[in-house]
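This is what each chain is made of:
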2 protein chains.
Amino acid sequence: MKDVAKYAGVSIATVSKYLNGGNVLDKNKELIDEAVVKLDYQVNVMARGLKTNETMTVGIIIPSLTNLFFTTIVSKVENLLLQKGYSTIICDYREDEKLEKEKLNFLLSKNVDGIIMVPSCSEDNELINKVNKDLPVVLIDRNIEGVNCDVVLTDNINGSYDAVEQLIHRGHRRIGIICGPEEHYTAVERLTGYDRVHEDYNIARDKDLIRFGDYQIESGHQEIINLMKLAEPPTAIFVTNYEMTLGSIMGINELDIKMPDELSLIGYDNLQLAKIIKPSLSIVTQPMDEIGETAARLMLKRLKKDMSKHPAVYRLKSRIIIKDSVRKLNEG
Amino acid sequence: MKDVAKYAGVSIATVSKYLNGGNVLDKNKELIDEAVVKLDYQVNVMARGLKTNETMTVGIIIPSLTNLFFTTIVSKVENLLLQKGYSTIICDYREDEKLEKEKLNFLLSKNVDGIIMVPSCSEDNELINKVNKDLPVVLIDRNIEGVNCDVVLTDNINGSYDAVEQLIHRGHRRIGIICGPEEHYTAVERLTGYDRVHEDYNIARDKDLIRFGDYQIESGHQEIINLMKLAEPPTAIFVTNYEMTLGSIMGINELDIKMPDELSLIGYDNLQLAKIIKPSLSIVTQPMDEIGETAARLMLKRLKKDMSKHPAVYRLKSRIIIKDSVRKLNEG
C-alpha cells in the first residue's frame, strides 16, 4: 500500500480508503488504479523471476526489420509467446555479422530465457552451440552446418523445383533464374532445386540464364534487364525472393515487356503483391505463419525443459500459385 | 585473463601466450578472440552502467511489426542510436491499448534509459507524462492531447490538402477519400486536409464520397468498390494509407477499371509500390528517414540531459508525387 501511494502520488490513507471501497476523487481513483496495475505487473514479473530464475523473456534476432517475410514470422512468434506469458526483445542486425554477435551478446546480457534467430550465413556453429548449452536456441530460415539446436526451415529446394517444373510443363525450356548471393543458405537451396529439375527433365542449363543478385530490389531490377538483353533471352524467369521480385517488375515495366506474351514470370513470397500486379503474378509463397508457430512451439517446449527429439529439424513446404503471369508456349 | 580462458575453454597459459603474440592453434585463436570480444562487450556495458546508472538501452514501441512505415522508421532510429552506443529493445502492441501498457511496463522493468513510441490513439497523457518524469519519451506519428514530451509528426493535414488540390487543379470535382478509423489521429488530420481544400476551392462535399476504412487492406478493397458502385461515382479517389492503397488496387483490378481513363488515383506511402503498378501510381510519401532521424536526435539530446526547447514538436512535410494514375479532366 505504501508503494502504491508513493507511485500514485497520493496519501496512504487515500489508497487504503479506496481499496476498502471508500469514496475518493475520480482523479485519485485513476492514479491508484494505474499504480496498482503497474506495481502488480512488476511484482509478478519479479516474483516469477525469483521463483524460477527466469526473466520470462525470449530474445528474437532477425537480419532486417524492413523485410516483411521476417517481421511476419516474428509477429506470429511474439503473439504465441505472449499468450504463454513471455515477453520478447526483438533485434535486427542488418545482415552484418559483427552486429549479429553484438545483438546476441546484448540479449544474453538481458538474461533472456531463450533465443529465436535467423542467423547470418556466416554465423559460426561454435558460438551458437555455446549459447545453446546455457539456454534454448531455435534457428529459423537458415541452417548452420554442425549446429546442435532446433531449426525451422522452408523446403527451398523442392519449392524452387516445383516452380520451375510448372514452367517446364508449360513448354518453357529457356528458363532464367535470379538467385540470391552465391554463398547464402536459401539461395544455394533455391538454385539446387533449379539445377535438379533441369537434370530430371534432361534440359541443358545455360550459364547465361543463371544470375546472382543480392536479395535487394536493385539487383532484381538489374538482372532482369541483363537477362532480357541477351541475344537469346529466356521465355520465362524465376525470381527467388520478394525484394528482387519487386525490382524485376520495375525492370519489366521499364523495358515495356508484355507479360505473359513476351515473358512468363514467377516471383516470390508476397501474396498481396501477386494480387495487385496486372497480369496477376505467379509466386512461390513460404508458410510464414506455420514457420512462426513451429518456432514458438519448439521454444515453449524447450523452456519447459522438454528436450525430447532434440535437435529437431523442420522443413516446411512452400506453395506454388500459378496465375496469369505465366503462359503456355505453343512449341512446348 | 582467467575469465577469457574460462569462457574460451582453454588454459590460462594459452590465453597468455596468445595475447603476448605467441603461436597457438588456429582453433584456440578463434575461441580466444571470440571470448575477448564477448567479455569486453559485457564489461563495457556493465562499466558504463555502473558509472552512469544507465543501461545504454532505448525502448521502442510501435503498433505493428508488419507495417513497413513503422519498421522503416524504427530501422533508421535504431541505426543512429547504435552509432552512439545505444542498444534498442523493440516491441509492438498490435494496436491493442492493454498490450501497449504492458509493453511500456516491460520496457520500464528493463530499466531502459528512454522510450520512443508510436502511441495508440487511446493512450492517455497522464501515463505518458508520468513515465516522462523519470526518463525521456519521444512520440512518433501520433500526438496525444495534453502530453508533455517531444513529438515528431508528419504534417498530415497539408499533405492531404496538397494531394487533393492536385486533383482539383486537373479538373476533378467529385473526389472520393478513403479515410482511416474516425477517431484515429492521422485519419482525422488527413480528412481535415480534404475538408479544407474543398472549402478553399468552394467545392461542396458529398458525404457519399467520404468513406472510413480501418487502415487495413480489406477495407481499402471494400470501400473503393462501394465508391465505384455509387450512382454517380467519383472521377478521382485519394486513399490515405499504404495498406488501403494495396486494397484499392485489388478492387480496381477486380472491377476492371481503367486507370486513369475511368478513375484517377492517389495512394499513400510506398515509393516501390508506385513504381511496380501500371500505370505508375501517384502517391503521398511521408519522410520516414527524416522522422527516424529527428526522433533519434531528440532522444540523444534528452539522454544528454539537454532539455532545451522541451517539449519539442516537429511537423515534417510529406511529398506529393503525381504520376500516370492521375489524368486531367477535359471539363475541368
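Residues numbered from 1 in each chain as written. Chains lettered and ligands numbered in written order. Predicted model: local features only at pLDDT ≥ 70, side-chain atom pairs only at ≥ 80, totals over all residues. Heavy atoms only, no water.

1. What about the relation of the copies chain B and chain A?
And then number 1: Mapping chain B onto chain A leaves a residual RMSD of 0.4 Å; the transformation is a rotation of 179 degrees accompanied by 0.3 Å of translation along its axis. On the angle and the small slide along the axis, the relation comes out as a two-fold axis.
And then number 2: When the interface residues of chain B are mapped onto chain A, 98% of them again fall at the interface, so both copies present the same face. (Least-squares fit on C-alpha atoms with pLDDT ≥ 70 in both. Contact = heavy atoms within 4.5 Å.)

2. As for the environment of Ile-257 of chain B
And then number 1: By secondary structure assignment, the location of Ile-257 of chain B is in the loop between α10 (242-255) and β9 (264-268).
And then number 2: When the C-alpha positions of Ile-257 of chain B and Ala-236 of chain B are compared, they lie 12 Å apart, and in sequence the two are 21 residues distant. (Helix = DSSP H or I, 4+ residues; strand = E, 2+ residues; numbered from the N terminus.)

3. Quick notes on the pairing of strand β4 (residues 137-140) of chain A
Residue and element names in this part refer to chain A.
And then number 1: On β4, burial covers both faces: Val-137 and Leu-139 on one face and Val-138 and Ile-140 on the other are all buried.
And then number 2: The sheet contact formed by β4 and strand β5 (residues 150-154) spans three bridges and is parallel. Its bridge partner lying in β5, Val-138 is registered against Asp-150. (Buried < 20%, exposed > 50% of the residue type's maximum accessible area, 1.4 Å probe, protein only. Pairing = 2+ DSSP bridges.)

4. Here we look at the sheet that holds strand β12 (residues 319-321) of chain B
All names here are of chain B.
And then number 1: The strand order across the open sheet built from six strands is β7-β6-β8-β9-β10-β12, with neighbouring strands paired in mixed fashion. The open sheet has two edge strands, β7 (210-212) and β12, and neither has a second partner. This sheet shows a mean twist of 15 degrees between the axes of neighbouring strands, independent of strand direction.
And then number 2: Of the strands in this sheet, β6 (175-179), β7 and β9 are in contact with helix α8 (residues 185-200), which crosses β6 at around 165 degrees. (Axes fitted to C-alpha atoms, helices over the stretch in contact; angles between N-to-C directions.)

5. What to know about the domain arrangement of chain A
Residues and elements named next belong to chain A.
And then number 1: Its domain assignment divides chain A into domain 1 (2-42), domain 2 (55-154 + 288-317) and domain 3 (156-286).
And then number 2: Facing 13 residues of domain 2, the contacting portion of domain 3 comprises 11 residues.
And then number 3: Sorting the residues of domain 2 by area buried against domain 3 places Cys-121, Thr-154 and Met-288 first, and these three jointly supply 36% of that buried surface.
And then number 4: Linking domain 2 with domain 3 are one salt bridge, by the criterion used here.
And then number 5: Close ionic contact of Glu-189 with Arg-315 constitutes a salt bridge, the shortest N to O distance being 2.8 Å. (Domains from an automatic or database assignment. Buried area = accessible area lost by both parts, 1.4 Å probe. Salt bridge = Lys/Arg side-chain N within 4 Å of Asp/Glu carboxyl O.)

6. Here's the deal with the sheet that holds strand β6 (residues 175-179) of chain A
Note: strands within a sheet are paired through backbone hydrogen bonds, in either parallel or antiparallel orientation.
Residues and elements named next belong to chain A.
And then number 1: The sheet built from six strands is open, its strands ordered β7-β6-β8-β9-β10-β12 with mixed pairing. The sheet is open, and its two edges are formed by β7 (210-212) and β12 (319-321), each paired on a single side. Strand-to-strand twist in this sheet, taken as the mean axis angle between neighbours without regard to direction, amounts to 15 degrees.
And then number 2: In this sheet, β12 lies alongside strand β10 (residues 282-285) in antiparallel orientation, the contact comprising three bridges. Note that in β12 the partner of Val-284 across the bridge is Ile-320.

7. What about the pattern of salt bridges?
And then number 1: Under the criterion given, the structure shown has 33 salt bridges over all chains.
And then number 2: With its nearest N and O atoms 3.6 Å apart, the salt bridge here joins Lys-76 of chain B to Glu-293 of chain B. Placement of Lys-76 of chain B in helix α4 (residues 68-83) and of Glu-293 of chain B in helix α12 (residues 288-303) is noted, with a sequence separation of 217 residues between them.
And then number 3: Here the residues in one salt-bridge network are Glu-78 of chain A together with Arg-94 and Lys-103 of chain B, joined through shared partners.

8. Some details on the side chain of Lys-110 of chain B
And then number 1: Mapped onto the secondary structure, Lys-110 of chain B falls in the loop between α5 (97-109) and β3 (114-117).
And then number 2: Nearest to the buried, unbridged Lys-110 of chain B among oppositely charged side chains is Asp-113 of chain A, at 8.0 Å.
And then number 3: Discounting chain neighbours no more than four positions away, the residues touching Lys-110 of chain B are Thr-55, Thr-57 and Lys-110 of chain A together with Thr-55 and Ile-89 of chain B. (Lys, Arg positive; Asp, Glu negative; His and termini not counted.)

9. A short note on empty space enclosed by the protein
Residue and element names in this part refer to chain A.
And then number 1: Following the criterion strictly, the structure yields one cavity of 30 Å³ or more and no others.
And then number 2: One number sums up the size of the largest cavity: a volume of about 60 Å³.
And then number 3: In this structure, the largest cavity is lined by Ile-60, Ile-61, Ile-62, Phe-70, Ile-73, Val-74, Val-77, Ile-116, Met-117, Val-118 and Ile-140.
And then number 4: Contributing elements (two or more residues each) for the lining of the largest cavity: β1 (57-62), α4 (68-83) and β3 (114-117). (1 Å grid on protein atoms, 1.4 Å probe; cavity = no way out; pocket = protein on both sides within 12 Å on 5 of 7 lines; lining within 4 Å. Points joined across faces, edges and corners; volume = space filled by probe spheres on them.)

10. Considering the confidence of the model for chain A
Residue and element names in this part refer to chain A.
And then number 1: When pLDDT is averaged along chain A, the result is 90, and 95% of the positions lie at 70 or above.
And then number 2: The low-confidence segment residues 43-51, where pLDDT is below 50, has five contacts with residues more than four positions distant or belonging to other chains.
And then number 3: Reported confidence for the predicted complex is 0.76 by ipTM and 0.80 by pTM. (pLDDT = per-residue confidence, 0-100.)

11. Notes on the interface of chain B and chain A
And then number 1: The interface is formed by 50 residues belonging to chain B together with 50 residues belonging to chain A.
And then number 2: For the pair chain B and chain A, the summed buried area comes to about 4,800 Å², and 57% of that belongs to carbon and sulfur atoms.
And then number 3: Put simply, chain B and chain A have seven salt bridges between them.
And then number 4: With a closest N to O distance of 3.9 Å, Glu-34 of chain A and Lys-130 of chain B form a salt bridge.
And then number 5: At the boundary of chain B and chain A, one finds 13 residue pairs in polar contact (both at pLDDT 80 or more).
And then number 6: Within the residue set of the side of chain B that touches chain A, elements represented by two or more residues are α1 (2-8), α3 (26-52), α4, β2 (87-92), α5, α6 (125-134), α10 and α11 (271-276) of chain B.
And then number 7: Looking at which element gives the most residues to the side of chain B that touches chain A, the answer is α4 of chain B, with nine residues. (Polar contact = N/O pair within 3.5 Å; in protein donor to acceptor, adjacent residues only side chain to side chain.)

12. Notes on helix α12 (residues 288-303) of chain A
The periodicity of an α-helix, 3.6 residues per turn, causes residues three or four positions apart to be oriented the same way.
Residues and elements named next belong to chain A.
And then number 1: Helix length check: α12 (16 residues) gives 22 Å between terminal C-alpha atoms against 22 Å at 1.5 Å per residue, within 8%.
And then number 2: Along α12, the residues classified as buried are Met-288, Ile-291, Gly-292, Thr-294, Ala-295, Ala-296, Leu-298, Met-299, Leu-300, Arg-302 and Leu-303.
And then number 3: Buried residues in α12 make contact with β1, α4, β3, β4, β5 and β11 (313-316).
And then number 4: Phi turns positive, to about 65 degrees, at Lys-305, one or two residues after α12. (Expected span 1.5 Å × (residues − 1).)

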